[in-house]
Amino acid sequence: MIIRNGDVGDVQAVLRMFDSAVAWLIAQGRTGQWGSEPFSADPARAERITGWAASGGMRIAEIDGEPAGCIVFGGPMPYIAPASEPELYVQALVIDQRFHGRGVGSALLGLAPAEAAERGASLVRVDCYAGGDGRLVRYYESQGFTRTEPFTVGEWPGQLLEMRLAR
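Described in the following lines is the structure provided in the data block. Since the structure is predicted, the reported quantities are computational estimates derived from the model, not experimental observations.

**Notes on the sheet that holds strand β3 (residues 66-74)**
Piece 1. The strand order β1-β2-β3-β4-β5-β7-β6 describes an open sheet built from seven strands, whose pairing is mixed. Here the strands that pair on one side only, and so sit at the sheet edges, are β1 (2-5) and β6 (146-153). In this sheet, adjacent strand axes meet at a mean angle of 25° when their direction is disregarded.
Piece 2. One ladder, built from seven bridges, connects strand β5 (residues 123-129) with strand β7 (residues 156-164); its direction is antiparallel. Counterpart to cysteine 128 in the pairing with β7 is glutamine 159.
Piece 3. Across the sheet, helix α5 (residues 135-142) lies against β4 (87-95), β5, β6 and β7, angled at about 160° from β5, the strand it touches most.

**Focus: the environment of serine 20**
Piece 1. Relative to the helices and strands, serine 20 is located in helix α1 (residues 11-27).
Piece 2. By relative accessible area, which is 18% here, serine 20 ends up buried.
Piece 3. As for serine 20 and phenylalanine 39, which are separated by 19 residues in sequence, their C-alpha atoms are 9.4 Å apart.
Piece 4. Once you skip the residues sitting within four places of it in the chain, serine 20 turns out to touch Ile95, Asp96 and Gln97.

**Considering helix α2 (residues 43-55)**
A turn of α-helix holds 3.6 residues, and therefore any two residues three or four places apart point the same way.
Piece 1. For α2, with 13 residues, the first-to-last C-alpha span of 18 Å sits near the 18 Å given by 1.5 Å per residue.
Piece 2. Buried residues belonging to α2 abut α1, β2 (58-63), β3 and β4.
Piece 3. A side-chain oxygen of the first residue of α2 lies 2.9 Å from the backbone nitrogen of alanine 44; this N-cap is aspartate 42.
Piece 4. Phi turns positive one or two residues past the end of α2, at glycine 56, with a value near 90°.

**Focus on unusual backbone geometry**
Piece 1. One non-glycine residue, aspartate 64, lies in the positive phi region at around 50°.
Piece 2. On the basis of relative accessible area, aspartate 64 is assigned to the exposed category, the value being 74%.

**As for the nonpolar core**
Piece 1. If you look at the biggest cluster of nonpolar residues, it comprises 25 residues, and the most contacted ones within it are Val104, Val124, Tyr140 and Phe145.
Piece 2. At the level of secondary structure, the elements contributing two or more residues to this core comprise β2, β3, β4, α3 (104-109), α4 (112-118), β5, α5 and β7.
Piece 3. Considering each element in turn, this core owes the most residues, four residues, to β4.
Piece 4. Look past the residues within four positions of tyrosine 140 in its chain and what remains in contact with it is Leu93, Leu109, Val126, Cys128, Phe145 and Leu161.
Piece 5. Core analysis: the second largest hydrophobic core is formed by 18 residues, Met17, Val22, Trp52 and Val72 among them.

**Digging into the layout of surface pockets**
Piece 1. Considering only enclosed or pocket space, the largest pocket measures out at about 1,000 Å³ in volume.
Piece 2. For the largest pocket, the lining is made up of 39 residues, of which Gln33, Trp34, Leu93, Leu136 and Tyr140 are closest to its centre.
Piece 3. Taken together, the elements giving at least two residues each to the lining of the largest pocket come down to α1, α2, β4, α3, β5 and α5.
Piece 4. Among the elements that line the lining of the largest pocket, the one with the most residues is β4, at seven residues.

**Points about the pairing of β2**
Piece 1. Of all the six residues making up β2, six are buried; the element is thus mostly covered by neighbouring parts of the structure.
Piece 2. Neither face of β2 is open: one carries Met58, Ile60 and Glu62, the other Arg59, Ala61 and Ile63, and all of them are buried.
Piece 3. Note that β1 and β2 share four bridges and pair antiparallel. Paired with asparagine 5 across the strands is arginine 59, a residue of β2.
Piece 4. Hairpin geometry of β2 and β3 is characterised by an intervening segment of two residues between the two adjacent antiparallel strands and by a positive phi of about 50° at aspartate 64.

Rules used in this analysis
- Every chain is numbered independently, its residues counted from 1 as its sequence is written.
- Per-residue local features of the predicted model are confined to residues with pLDDT of at least 70, and side-chain atom pairs are confined, for both listing and counting, to 80 or more; whole-chain, interface and lining totals are unaffected and use all residues.
- With hydrogens and water stripped out, all remaining heavy atoms of the structure feed into the side-chain values.
- Any two strands with at least two DSSP bridges between them are considered paired.
- Going along the chain from the N terminus, every DSSP run of H or I of four or more residues is numbered as a helix, and every run of E of two or more is numbered as a strand.
- Only the stretch in contact is used when fitting a helix axis, every axis being a line fitted to C-alpha atoms; angles between N-to-C directions are given from 0 to 180 degrees.
- Note on contacts: a residue pair qualifies if any of its non-hydrogen atoms lie within 4.5 Å across the two residues.
- Relative accessible area decides the class of each residue, using a 1.4 Å probe on protein chains only: under 20% of the type maximum gives buried, over 50% gives exposed, and in between gives partly exposed.
- How far a helix is expected to stretch is found by multiplying one less than its residue total by 1.5 Å.
- Distance and chemistry together define a polar contact, namely a pair of N or O atoms within 3.5 Å, with one atom able to donate a hydrogen and the other to accept it when in protein, and with adjacent residues in sequence counting only for side-chain atoms on both sides.
- Take the buried Ala, Val, Leu, Ile, Met, Phe, Trp, Tyr and Cys residues and link them wherever side-chain atoms come within 4.5 Å; each set so joined is a nonpolar core.
- The method works on a 1 Å grid over the protein atoms by themselves. A cavity is a set of points holding a 1.4 Å probe that cannot get out, a pocket is an open set with protein on both sides within 12 Å along at least five of seven lines, and residues with an atom within 4 Å of a point line them.
- Grid points are joined across faces, edges and corners, and a volume is the space filled by probe spheres set on the points.

This is how it looks when you write it as structure tokens:
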């Protein structure tokens, strides 16, 4: 696996990653996180991914030359108040389900401490879907994050998590 900086040339690959994740969630009867429509069918989602690609915070994991996952680092999402200290925020994490179980998410999240240090931050935060069986929250906890506060966006239940880095 290699991890490289992403750019606007990766937008279609990242849309395919999200589409594969949505299809996987649908197959499990879990549509609460991202709904039941492919990301590629929604111009607003494509525009958001294009913005991430242009931001300089997108990283792409590749396995055998194929895009396998994507993480985006930046500031907090609009529905989350900024931290009172410098932070790195994981704005998105998605894995192409063809590569499920190969450690792609862990490898991408493993970049966060070094990225935070480069930006002078000792706090990494992420938010995620907290509905259903809570599996996604537990995943982030297994990656070293700690729950801080729950929130909702409309009807969507979320959980904010953080990782404090040694100074």
